[in-house]
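# Summary of the model geometry
Chain by chain, the residues:
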Amino acid sequence: MRPVVKIATEGLEKTLKEHLLGVLEDGPIFEKELMNVTLTFFAPTKDGMTASLIRGYKLQYGKKLGKNTAEKNLTNNLRLLLSKLKKGILHTQKPIILGKNRIGRVFYKHGHEGQIQEKVKSIISQDGGKQSKLLIQISKGPVKVTPVNKRVFELFVHYGLCEMQKISGEKYMTSVGYNPVEIVSKTYIGEFPEHFKIYKPFKIDTWVLQDGPKKISLRFDLAGWDPVHKLFYVATKKDYVGLSDLKNLREKAITLGLPVKISVFCDSISESAKKYASKWGLEINI
């Protein structure tokens, strides 16, 4: 077991605190950076402090303390000293963890609170990991809160990188100040909400395998892109809709090969078509 040696830290504590507060004048720093700042500050006197530790141990215990052991004890003592000082410096509450890299909390001086958000955003963006990709997604549009991303969401909210909004009853992460388009009722039968991008009719060429690759054309009465929820709809529009109409519509939607929601606009519908729509989750608008 390596010997543990404590050093006198009264004078060092005041000196280090003054240095840290001076560093913080240039802006907030991460908890992980504090130790590097501390070690760098004491680097010019490290050899002298190590030698002093070795002499003190010899006088106290009558045994020789190796240089490597002395250096490790010195680092541990400085870490304990820093831990004590951190309690008296303003800092955020939620630590930042990027994968296996623990960045820790953010330490700052009064009046520099406005710089915290940009510093956190910068370190997350530079990391290029899951949090970085999620931050990019949020900047492009709302991202639904799930059990998988809930912890990251809480971190983002804590540092003001996003906010939570309810859209259609669901919780979403949005960029700060995001103003969602309100879903409005249809202006007339057979039309998607007015904020949709509507294609009427919607035609597209796609490839299928029928005794080899074959190019076919698909046509839908209308289609709509919902920019708020990032959903694409295909639909049929008729006065009366029967079972064969829905089967044909669903078959074309499957052939399309895209993740879509299927809608039906009509004045009346057969009972068999209603049951079919319920079974396969087709949206009926009468």
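This section reports on the structure supplied with the text. (Residues numbered from 1 in each chain as written. Predicted model: local features only at pLDDT ≥ 70, side-chain atom pairs only at ≥ 80, totals over all residues. Heavy atoms only, no water.)

Take the environment of Gly111 next. Residue position: Gly111 is located in the loop between strand E4 (106-107) and helix H5 (116-127). Judged by relative accessible area, Gly111 falls into the exposed class, the value being 56%. Taking the C-alpha atoms as reference points, Gly111 and Glu25, separated by 86 residues in sequence, lie 9.8 Å from one another. (Helix = DSSP H or I, 4+ residues; strand = E, 2+ residues; numbered from the N terminus. Buried < 20%, exposed > 50% of the residue type's maximum accessible area, 1.4 Å probe, protein only.)

Now for helix H9 (residues 271-280). For H9, every residue scored as buried is listed here: Ala273, Tyr276 and Ala277. Within H9, the buried residues cover an arc of 100 degrees as seen down the axis, which keeps them to one side. For H9, the exposed residues lying more than 90 degrees away from the buried face are Glu271, Lys275, Ser278 and Lys279. Residues of H9 that are buried sit in contact with strand E12 (231-241), helix H8 (243-256), strand E13 (261-269) and strand E14 (283-285). A positive backbone phi angle near 75 degrees is found at Gly281, which sits one or two residues after H9. (Arc of directions from axis to C-beta. Contact = heavy atoms within 4.5 Å.)

Here E12 pairs with E13 via eight bridges, running parallel. Bridge assignment links Val234 to a residue of E13, and that residue is Ile262. Each parallel crossover has a hand, and for E12 linked through H8 to E13 it is right-handed. Pairing of E13 with E14 involves three bridges; the strand directions are parallel. Bridge pairing in E14 links Val264 to Ile284. Each parallel crossover has a hand, and for E13 linked through H9 to E14 it is right-handed. (Pairing = 2+ DSSP bridges. Right-handed = clockwise from strand over helix to strand, strands pointing away.)

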